Amino acid sequence: MTAQDPLAKIAEDILRENDRGSYTVPTKGLYPFQWNWDSCLTALGQRHYDEARAWTEIETLFAHQWPCGMVPHIIFHLNDDGYFPGPEVWSTGRPVPTSGITQPAVAGFALRRLFDRASNRAEAEARVRALLPKVAAWHRWFFATRDPKGEGLVAIIHPWESGRDNSIDWDVSFERVPTEGIAPYTRRDTQHANPEHRPTKAQYDRYLWLVEHFRSLGWDTAKLHDASPFQVVDPGFNAILLRACADLADLAEALGEPALAAENRAFAARGLAALERLWSVEHGQYLCGDRTTGALIDSASVGGLLAAFAAIPPARAQAIAASIEAHGARFRVPSHAPADPRFDAKRYWRGPVWLVVNYMIADGLVRAGQTAAAAAITRSSLDLIHESGFAEYYDPTTGEPLGGGRFTWTAAMVLEFLAMERA
Ligand code: DGY
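Presented here is a report on the structure given in the accompanying data block.

**Topic: the layout of surface pockets**
Right, so step 1: Computed from the structure, the largest pocket encloses a volume of approximately 210 Å³.
Right, so step 2: Lining of the largest pocket is provided by Glu151, Leu153, Val233, Ala274, Arg277, Leu278, Gly289, Asp290, Arg291, Gly294, Ala295 and Leu296.
Right, so step 3: Tallied by class, residues from the lining of the largest pocket come to six nonpolar, two polar and four charged.

Next up, the structure:
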């Protein structure tokens, strides 16, 4: 059906081209393995032409879940020297090598969406039933290890966990991460993409210091939160988890698993209440909190807008829609407020537009009744693709395509946006 639209045809071609059978690489060259949240969002695109394949994408990810419940951010299914840091740097000791940190917990949401829209109901039920306890174990792991004081929200301990690697949100907290003693290294990302559009060397040094520090602690995930000099409570990261908890609770209820439903509902309710502590009246959005100091971080990034993905109060969603409108950028939604002098239109997560984030914000705004704001994001996202093709991210002021090309999750989101516009 979708193949009739020329954009849909290209999107499907990209998804098939990056498909390695049971998992999909984000793009050739730059990211040659399986990434956690990429895969879950990719499945939403795959469902448009091959439902069974979409379930497999998520099942493959969960086949590499750690016994503690964590789902790692990268699964190194094969060797590839084109990426750094590879499995030998992480040294997590897993049978199939993986990284030792996690990523935004979008799986619960993806399962619910696949389930709700599946045409093969029997298959959907069987596949969700098998995944349900695994996703629930991941959620339980999050609150046990990343919210040790029971505040209701979880902290990330490495910027890579947020997926927004070099966001301005982390700058001040990142100053506390040392760089002394890290092993010499050669970056590979800058051989595949323009270095001006990627994180800096100073940031990479700190990314690696954290990896080496966690490795020295034997990747005992129960210890890493307290041992990390970087502990940030990101509203976007938490909103994804809280939305996933609510969606998992609904699935559990539908499939007759009341204990899992109650557990996840409680996580969602407690987290949504705690999220209110991160609201900024001045910025009209949520902000990150630095757990090591207890202070809010003065940085109006897309992380605080992405909170609309969870069931936040309607007045908050309305204010977020207004803040996006006030950005005045040619393309929505910049990953950082353009009025901030630190905004950088081309550097990865310091300004560029990312379609996955647009998708989650638009979805949340629809649920909150902000349909005009959501439609504007959807249209702007598709305009970008028409103008600039299927890139990793885009300059919000010019639409210039940036980072990797023929990008998997961008293609997946295009299939979803086209469906949203048809609905
Ligand atoms: C990278 O290598 O750029 C990734 O974002 C880390 O997961």
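Picking up where we left off.
**Overview of the site of the ligand**
Right, so step 1: Lining the immediate surroundings of the ligand are Tyr31, Trp35, His73, Tyr83, Trp160, Asp165, Arg198 and Tyr348.
Right, so step 2: Contacts to the ligand include Trp35, whose side-chain N or O atom sits 3.0 Å from an oxygen atom.
Right, so step 3: Between the ligand and the protein, one listed contact pairs an oxygen atom with a side-chain N or O atom of His73 at 2.7 Å.
Right, so step 4: Relative to its free-state accessible area of 230 Å², the ligand is covered by the protein chains to the extent of 95%.
Right, so step 5: Placement of the ligand is best described as lying within the largest cavity.

**Quick look at the nonpolar core**
Soluble globular proteins tend to bury their nonpolar side chains together.
Right, so step 1: Among the nonpolar cores identified, the biggest contains 140 residues, and Leu41, Phe62, Met360, Ile361, Leu365 and Val414 are the most heavily contacted of them.
Right, so step 2: If one sorts the elements of this core by residue count, helix H6 (residues 121–146) sits on top with ten residues.
Right, so step 3: Among residues more than four places away in sequence, those in contact with Leu41 are Val106, Val356, Met360, Trp409, Ala412 and Met413.

**Let's talk about the pattern of salt bridges**
Right, so step 1: A full pass over the atoms with the stated rule returns 40 salt bridges.
Right, so step 2: Arg265 is the partner of Asp250 in a salt bridge, and the nearest nitrogen-oxygen pair spans 2.9 Å. Separated by 15 residues along the polypeptide, Asp250 in helix H12 (residues 235–254) and Arg265 in helix H13 (residues 258–275) bring together distant segments of the chain.
Right, so step 3: The class for Asp250 is partly exposed, based on a relative accessible area of 29%.
Right, so step 4: With relative accessibility at 32%, the residue Arg265 sits in the partly exposed group.

**Overview of empty space enclosed by the protein**
Right, so step 1: If you walk through the whole model with that rule in mind, you get one cavity of 30 Å³ or more.
Right, so step 2: Estimated volume of the largest cavity: approximately 220 Å³.
Right, so step 3: In terms of lining, the largest cavity is formed by 19 residues, of which the most central are Tyr31, Trp35, Gln103, Asp165 and Tyr348.
Right, so step 4: Residue classes in the lining of the largest cavity are distributed as twelve nonpolar, three polar and four charged.

**A few points about the environment of Thr102**
Right, so step 1: Among the secondary structure elements, Thr102 is positioned in the loop between helix H4 (87–90) and helix H5 (107–117).
Right, so step 2: In this structure the C-alpha to C-alpha distance between Thr102 and Met70, which are 32 residues apart in sequence, comes to 6.8 Å.
Right, so step 3: When residues no more than four places from it in sequence are discounted, the contact partners of Thr102 are Asn36, Met70, Val71, Pro72, His73, Trp138, Trp141, Phe142, Trp160 and Glu161.
Right, so step 4: In this structure the side chain of Thr102 is engaged in a polar contact, spanning 2.7 Å, whose partner is the backbone oxygen of Val71.
Right, so step 5: Within the structure, the side chain of Thr102 is placed 3.3 Å from the side chain of Trp138, a separation counted as a polar contact.

**With respect to the packing of helix H15 (residues 355–367) against helix H16 (residues 371–388)**
Right, so step 1: As a packed pair, H15 and H16 sit with axes 8 Å apart at the nearest point and diverge in direction by 160 degrees. In terms of axis orientation, H15 runs roughly antiparallel to H16. The two elements H15 and H16 meet at a crossing, and its hand is left-handed. Between H15 and H16, the contacting residues are Leu355, Asn358, Ile361, Ala362, Leu365 and Val366 on the first element and Thr371, Ala373, Ala374, Ile377, Thr378, Ser381, Leu384 and Ile385 on the second.
Right, so step 2: Looking at the contact of H15 with H16, its residues break down into ten nonpolar, four polar and no charged.

**So, the side chain of Glu57**
Right, so step 1: Mapped onto the elements of the fold, Glu57 is located in helix H3 (residues 51–62).
Right, so step 2: Of the polar contacts made by the side chain of Glu57, one reaches the side chain of Thr24; its length is 2.7 Å.
Right, so step 3: Sequence-distant contacts of Glu57, defined by excluding residues within four places in its chain, comprise Ser22, Tyr23, Thr24, Gln34, Ser39, Ala43 and Gln46.

Calculation criteria
- Residues numbered from 1 in each chain as written.
- Predicted model: local features only at pLDDT ≥ 70, side-chain atom pairs only at ≥ 80, totals over all residues.
- Heavy atoms only, no water.
- 1 Å grid on protein atoms, 1.4 Å probe; cavity = no way out; pocket = protein on both sides within 12 Å on 5 of 7 lines; lining within 4 Å.
- Points joined across faces, edges and corners; volume = space filled by probe spheres on them.
- Nonpolar A, V, L, I, M, F, W, Y, C, P; charged D, E, K, R; others polar.
- Near = heavy atom within 4 Å.
- Polar contact = N/O pair within 3.5 Å; in protein donor to acceptor, adjacent residues only side chain to side chain.
- Areas by Shrake-Rupley, 256 points an atom, 1.4 Å probe, with all protein chains shown as cover.
- Sits in = over half its atoms within 2 Å of the grid points.
- Core = buried A, V, L, I, M, F, W, Y, C linked by side-chain atoms within 4.5 Å.
- Buried < 20%, exposed > 50% of the residue type's maximum accessible area, 1.4 Å probe, protein only.
- Helix = DSSP H or I, 4+ residues; strand = E, 2+ residues; numbered from the N terminus.
- Contact = heavy atoms within 4.5 Å.
- Salt bridge = Lys/Arg side-chain N within 4 Å of Asp/Glu carboxyl O.
- Axes fitted to C-alpha atoms, helices over the stretch in contact; angles between N-to-C directions.
- Parallel < 35°, antiparallel > 145°, perpendicular 65-115°, else oblique.
- Left-handed = near helix turned anticlockwise from the far one by under 90°.

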